[in-house]
Amino acid sequence: MTAPLPRWRGSWFDGKQAGAIAVWVTLGPEGLQLQRPGQPPLAWPYAGITQTQGANAGEHVRLERGDAPVEVLVVADPGFIEALRAAAPDAGFAAGLRGRHYAAWVAGLAVGTAALGMAWFMVGLPWLTDYAARHVPLAAEESLGKLVQEQIVPEDQRLSDAYRLKAIDSVVQRLIQGRGAPYTFRVVLSDDDAVNAFAAPGGYLVVNRGLLQKTARAEELAGVLAHEVQHVLHRHATRNILRQLSTQALFAVITGDAGTMGQVASMAGQLGALSFQRADEAEADRDGMAMVRQAGIDPAGTVRMFEILQAEGQDGPTFLATHPAMDDRLATLRKLAGPPGKRHPALLPDVDWHRVAHGPHQEAK
Amino acid sequence: MTITLDKQAIVARAAPKLTVRKSRFYGTGGALFGIQIVNFCLTVLTLGIYSAWGKAKLRRWLYAQIEFMGQRFAYHGTGKEIFIGHLKLLAVGIVIGLIAVATTFAARAAFGPGAQAVSTLVIYLLIYALLPFAMVAGRRYAMSRISWQGIHFSFRGQTKPFAWIFLKGLLVTVFTLGIGTPYLLATMRRYMVSNTYFGDQAFSYTGDGKVLCEELLLAVLLAPFTFGLSFVWYSVTAYRYDLLHTRFGPLRFKTTMTGRTLLWQGFVNMLMFYGTLGLATPWVMIRYINFTLAHTKIGGDLDLQAILQAAKSATATGDALADMFGLDADLAL
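Small disclaimer: the values here were computed from a predicted structure and weren't measured.

### Some remarks on the overall build of chain A
Right, on to step 1. Counting its regular elements, chain A contains 13 helices and eleven strands.
Right, on to step 2. When burial is assessed residue by residue, chain A has 45% of its 365 residues classed as buried.
Right, on to step 3. Carbon and sulfur atoms make up 57% of the accessible area of chain A, which amounts to about 18300 Å² in all.

### Examining helix α2 (residues 29–45) of chain B
Residues and elements named next belong to chain B.
Right, on to step 1. Here α2 is 17 residues long and its end C-alpha atoms lie 24 Å apart, about the 24 Å a rise of 1.5 Å per residue gives.
Right, on to step 2. When we look at burial in α2, the residues that qualify are Gly29, Leu32, Gly34, Ile35, Val38, Asn39, Cys41, Leu42, Thr43 and Val44.
Right, on to step 3. Leu47 occupies a position one or two residues after α2 and carries a positive phi of about 55°.

### Regarding the side chain of Asp287 of chain A
Residues and elements named next belong to chain A.
Right, on to step 1. Relative to the elements of secondary structure, Asp287 occurs in helix α9 (residues 278–294).
Right, on to step 2. Given a relative accessible area of 18%, Asp287 falls into the buried group.
Right, on to step 3. Within the structure, Asp287 has its side chain in polar contact with the side chain of His234 (distance 2.7 Å).

### Here's the deal with the sheet that holds strand β9 (residues 246–248) of chain B
All names here are of chain B.
Right, on to step 1. Taken in spatial order, the eleven strands of this open sheet run β1-β11-β10-β9-β8-β7-β6-β5-β4-β3-β2, and their pairing is antiparallel. If you trace the sheet from one side to the other, it starts and ends with β1 (20–21) and β2 (24–25), each paired once.
Right, on to step 2. Taken together, the four bridges between strand β10 (residues 251–255) and strand β11 (residues 296–299) define a ladder with antiparallel strand orientation. Residue pairing in the sheet places Phe253 in a bridge with Ile298 of β11.

### Quick notes on the side chain of Asn208 of chain A
Right, on to step 1. Topologically, Asn208 of chain A is positioned in strand β11 (residues 204–208).
Right, on to step 2. Dropping the residues within four chain positions of it, Asn208 of chain A is found in contact with Leu189, Ser190, Asp192, Ala194, Asn196 and Phe198 of chain A.

### Quick notes on the sheet that holds strand β2 (residues 21–27) of chain A
Residue and element names in this part refer to chain A.
Right, on to step 1. Read across the sheet, seven strands follow the order β4-β3-β2-β1-β7-β6-β5 without closing on themselves; strand pairing throughout is antiparallel. Only two strands of the sheet have a single partner each, and these edge strands are β4 (42–45) and β5 (49–53). The sheet shows a mean angle of 30° between the axes of neighbouring strands, taken without regard to direction.
Right, on to step 2. Alignment of β5 against strand β6 (residues 61–65), held across four bridges, turns out to be antiparallel.

### Quick word on the interface of chain A and chain B
Right, on to step 1. With 33 residues of chain A in contact, the opposing surface of chain B contributes 38 residues.
Right, on to step 2. Between chain A and chain B the total buried area reaches about 2800 Å² when both faces are included, carbon and sulfur atoms providing 65% of it.
Right, on to step 3. The tally of links from chain A across to chain B stands at zero salt bridges.
Right, on to step 4. Where chain A touches chain B, the interface holds ten residue pairs in polar contact (both at pLDDT 80 or more).
Right, on to step 5. If you list the elements that add at least two residues to the side of chain A that touches chain B, you get β1 (7–13), β5, β6, β7 (71–75), α2 (99–135), α3 (138–152), α7 (236–254) and α8 (259–266) of chain A.
Right, on to step 6. For the side of chain A that touches chain B, the element with the highest residue contribution is α2 of chain A, accounting for seven residues.
Right, on to step 7. Classifying every residue of the side of chain A that touches chain B by side-chain character gives 17 nonpolar, eleven polar and five charged.

### Considering the packing of aromatic side chains
Right, on to step 1. Enumeration according to the criterion identifies 21 aromatic pairs over all chains in this entry.
Right, on to step 2. Where Trp127 of chain A meets Tyr131 of chain A, the ring centres are 5.8 Å apart and the plane angle is 15°; that geometry is what we call stacked. Here Tyr131 of chain A and Trp127 of chain A lie together in helix α2, a separation of four residues that amounts to about one turn.
Right, on to step 3. When the ring of Phe68 of chain B is compared with that of Trp148 of chain B, the centres are 5.5 Å apart and the planes differ by 40°; the resulting orientation is tilted. Note that Phe68 of chain B is positioned in strand β3 (residues 66–68) and Trp148 of chain B in strand β5 (residues 146–148), a separation of 80 residues in sequence. Pair check on accessibility: Phe68 of chain B and Trp148 of chain B agree, each one buried.
Right, on to step 4. Feature note: the residues Phe68, Phe73, Trp148, Phe153, Phe198, Phe203 and Phe248 of chain B constitute an aromatic cluster, connected by ring pairs.
Right, on to step 5. Its end group placed over the ring of Tyr26 of chain B, Arg72 of chain B keeps NZ or CZ at 4.2 Å from the ring centre.
Right, on to step 6. Over the ring of Tyr197 of chain B we find Arg156 of chain B, and its NZ or CZ is 3.7 Å from the ring centre.

Basis of the calculations
- Residues numbered from 1 in each chain as written.
- Chains lettered and ligands numbered in written order.
- Predicted model: local features only at pLDDT ≥ 70, side-chain atom pairs only at ≥ 80, totals over all residues.
- Heavy atoms only, no water.
- Helix = DSSP H or I, 4+ residues; strand = E, 2+ residues; numbered from the N terminus.
- Buried < 20%, exposed > 50% of the residue type's maximum accessible area, 1.4 Å probe, protein only.
- Areas by Shrake-Rupley, 256 points an atom, 1.4 Å probe, with all protein chains shown as cover.
- Expected span 1.5 Å × (residues − 1).
- Polar contact = N/O pair within 3.5 Å; in protein donor to acceptor, adjacent residues only side chain to side chain.
- Pairing = 2+ DSSP bridges.
- Contact = heavy atoms within 4.5 Å.
- Axes fitted to C-alpha atoms, helices over the stretch in contact; angles between N-to-C directions.
- Buried area = accessible area lost by both parts, 1.4 Å probe.
- Salt bridge = Lys/Arg side-chain N within 4 Å of Asp/Glu carboxyl O.
- Nonpolar A, V, L, I, M, F, W, Y, C, P; charged D, E, K, R; others polar.
- Phe/Tyr/Trp six-rings, centres within 6.5 Å; stacked < 30°, edge-to-face > 60°.
- Lys NZ or Arg CZ within 6 Å of the ring centre and 35° of its normal.

Here it is, written out as structure tokens:
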């Protein structure tokens, strides 16, 4: 007497009606045999079988065969999948990873992903956005800058006194004179008390009334403007916006949240906060000072301006929040300004700076 | 003596012996956690592309854990079709985004900054007008990919009649300051459920939600005195109502869930969730599924041989569209 072939209890569905038929399943060399009660057995060649379930631990093995109607065989026995894989090693039946192997795969994947993600955020993304920022067309930078400038200072919050604007513009022109800067610098004067100034991409600058009021002469304003002009020339804001956009777009893609796609599209207008990193600030400080000196403007004005900003910082306005380590920066600026005593001609000798700083109706205010 | 006999006869007639069953869920929090971690990592590593395959994998696992009458459910969606659905939705999203930006700028140029808000509002309304389409297409896809006993589910509803039901219910809801919400939900559910088929046989839902409107009003009035807990009791009442009005052939549904048990369940789940900073989410989900199924009783005997295969085709675009609104189309009846 030969030992009986191992057999498994299964449920067979003919795909035409919902009733289950209990079958005994045996594994042959060419395929499965399904023994039905009172009916001829069914032969399922391995080649025509698709496995839809049973790869995960604890799942019933579910096999499909045929095409409209699709027949289904379900075997609940946890030992069946390994027997099936042994009987037909090349038919592609999957058991998945189980137990310790599965845990190791999950843990390894999680650690690897975290490491790669960190490397990406700390090295990859900055490199990519730096590269992209250097290659953004000028026209794109300008329309982006215009948008940002409009967001920070809407039309009705701008001061339009021609005398003040002309003086501010003269300072900018003097700074960029003969440098062949690719940008057209447009400064708006914002009716805002905060002692602050901003640089949006593409040459769009913002000077707050609060900052202008603190200046005693044109040379001081020149210090701030040179700094902001350098942010523009180095494309700091453009790069930051790209970085922010790409990070958020990445998160939207990762979370698979299609709803945030629309937000990404409309976000360009919401990037009001133009904050720079320390290295950017140091760069703008250094090159701003060089710019002031090359234009023949008294660098003491720049130092004075930053002293004012530092003093303001103790009251906690926004400028310093984004400009850390002011002491170090001031020390560097003083060094770059060179030895004091050298005489400089006045930057705007014909301009009544008091009127520029405080406006035409300063007594009323 | 005769009275007693009559009583027995009445009782026997009123409550014929029903086989009462429960559906069971076999999945564990640990298994779900593993699947979600792997999905998340592979999605990150493939810059989002894998998410479609991950979604299919998760659903395949979820449905395979649900058992009714000794047989598990099966999910047939593929990552590829879900991915194509995502791509189509992305294209639609880009077009809508461009239209939004263009109209906003045009409105602003023509009528000044005030018009911008109006045009933004119009865009949002247009997007939400897609909601009924998303619900119908999403359910059509979801049902077509689920099977049990080798027989597929299907949804045969159409967008147009559903959109009218949606609009009518929405108007009622707005004019009743929200108290009509159960009416909106019940009429929507009636259309959704009674157009849902298992093989060639339809489910039915006979509720109209009117009783629930009174219950909701009561819950609102009691809310200030119960710290809002009256809404927990209301939600159980609404759930019980929905199950009692749902049928499939001879099958009846009911729940033994009460406001007290749901409150306790929610309290423990919240402790688990916040106590682990969200890490226990998979376990919380499984706990909730088990809780719901343990309280759900299904009575009646199905003549399975009489249910015949009648599958309908559907694309995964509806799935992606429904996802956009955070709708998770599932077997919930």
